[in-house]
Amino acid sequence: DPADDGEELTEDVAEADRSANGIEWLGRSTFNDTYGFAMSPEVAEENQATRFSVEKFDLEAMADYLEDDDEAVVCVEPEFPARDDGLVLFENETGFEVPEDRLRVFDDAADVYDAVADGTCDFGEVFTTDGRIDALELELVIDPGVFYVYNVSLNVPTDLYQTAPEAFDELVEDILAPMSQTRITELNRRVSNGESISEVAADYIDTFGINP
């Protein structure tokens, strides 16, 4: 029976991981790496849905679109329809159950992004901080808080953490505090465009004056 409050949930999981595995959870990001839906360029243009628009295209609007257009397709990875934090949350919130023949399942979640971008899919399951969202200029369906919040913490072995707990706490704060939803998505976009993870991470550390 997990807590609904994100901070309390993080503390509960941290305590469980510390007790069972000797792992510390440090900090908690402001960005949320959760499930969401992206829409094809055609759907976005048709509904004037852009991230800069005052016109909202949210999960209810997506459900209405799917109900009105019986040929519209939703693309997902295999886990999404079966997970308790996946498709069922959209269906429970909107009251619209996506017919099986209009669900296209991709073995590799990465392929969903390209399929949405090229119009093969009208909507596709995405992770909300994935760099391909920006790299492919995809527009997201607005989620009013239906999908669970997944913040990020830094994990280190308890034995290592106990050698310098104040230093670790300060370092994690320096790393996570400036890492907004926009910034983490931009960092992920650079990796999606071919830059190495180590190079992107080093640039981030240099930019904010974090001393390793």
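Residues numbered from 1 in each chain as written. Predicted model: local features only at pLDDT ≥ 70, side-chain atom pairs only at ≥ 80, totals over all residues. Heavy atoms only, no water.

**Observations regarding the packing of aromatic side chains**
Short version of the rule: Ring geometry is summarised as follows: Phe, Tyr and Trp rings, the Trp one being its six-membered ring, pair when their centres sit within 6.5 Å, and such pairs are stacked at plane angles under 30 degrees, edge-to-face over 60 and tilted between the two. Each helix is a run of DSSP H or I of at least 4 residues and each strand a run of E of at least 2, with the numbering of both proceeding from the N terminus. We call a residue buried when its accessible area falls under 20% of the maximum for its residue type, exposed when it is over 50%, and partly exposed in between, using a 1.4 Å probe and counting protein chains only.
Counted under the stated rule, the structure contains 10 aromatic pairs. With a centroid separation of 6.5 Å and an interplanar angle of 65°, the aromatic rings of tyrosine 35 and phenylalanine 147 are classed as edge-to-face. Here tyrosine 35 is found in strand E2 (residues 35-39), whereas its partner phenylalanine 147 is found in the loop between strand E6 (139-140) and strand E7 (154-157), with 112 residues between them in sequence. Look at tyrosine 35 and you get buried, because its relative accessible area is 6%. For phenylalanine 147, a relative accessible area of 3% translates into the label buried. Consider the rings of phenylalanine 37 and phenylalanine 80, whose centres lie 5.7 Å apart with planes at 80°: the pair is edge-to-face. Pair noted here: phenylalanine 37 is in strand E2 and phenylalanine 80 is in the loop between strand E3 (74-76) and helix H4 (87-94), with a separation of 43 residues, a long-range link. What makes phenylalanine 37 buried here is its relative accessible area of 1%. Each residue in the set Tyr35, Phe37, Phe80, Phe90, Phe127 and Phe147 is aromatic and connected to the rest through ring pairs, giving one cluster.

**Description of the packing of helix H3 (residues 59-68) against H4**
Note the cut-off: Fitted lines through C-alpha atoms serve as axes, helices being fitted only where they are in contact, and the angles separating the N-to-C directions of these axes extend from 0 to 180 degrees. Working rule for angles: under 35 degrees goes down as roughly parallel, over 145 as roughly antiparallel, 65 to 115 as roughly perpendicular, anything else as oblique. Between two residues, a contact is recorded if the distance between any of their heavy atoms is within 4.5 Å. We call Asp, Glu, Lys and Arg charged. Ala, Val, Leu, Ile, Met, Phe, Trp, Tyr, Cys and Pro are nonpolar, and the rest, Gly among them, are polar.
At their nearest, the axes of H3 and H4 sit 10 Å apart, and the two run at 85° to each other. Relative to H4, the element H3 is oriented roughly perpendicular. Judged by residue contacts, Leu59, Glu60, Met62, Ala63 and Leu66 of H3 engage Phe90, Glu93 and Thr94 from H4. Split by residue class, the contact of H3 with H4 holds 5 nonpolar, 1 polar and 2 charged.

**Quick word on the environment of leucine 103**
Examined against the element boundaries, leucine 103 turns out to sit in strand E4 (residues 103-105). Relative accessible area serves as the criterion here: at 18%, leucine 103 is assigned to the buried category. Distance from leucine 103 to valine 76, taken between C-alpha atoms, is 7.2 Å for residues 27 residues apart in sequence. Once you skip the residues sitting within four places of it in the chain, leucine 103 turns out to touch Val74, Val76, Pro81, Leu87 and Val98.

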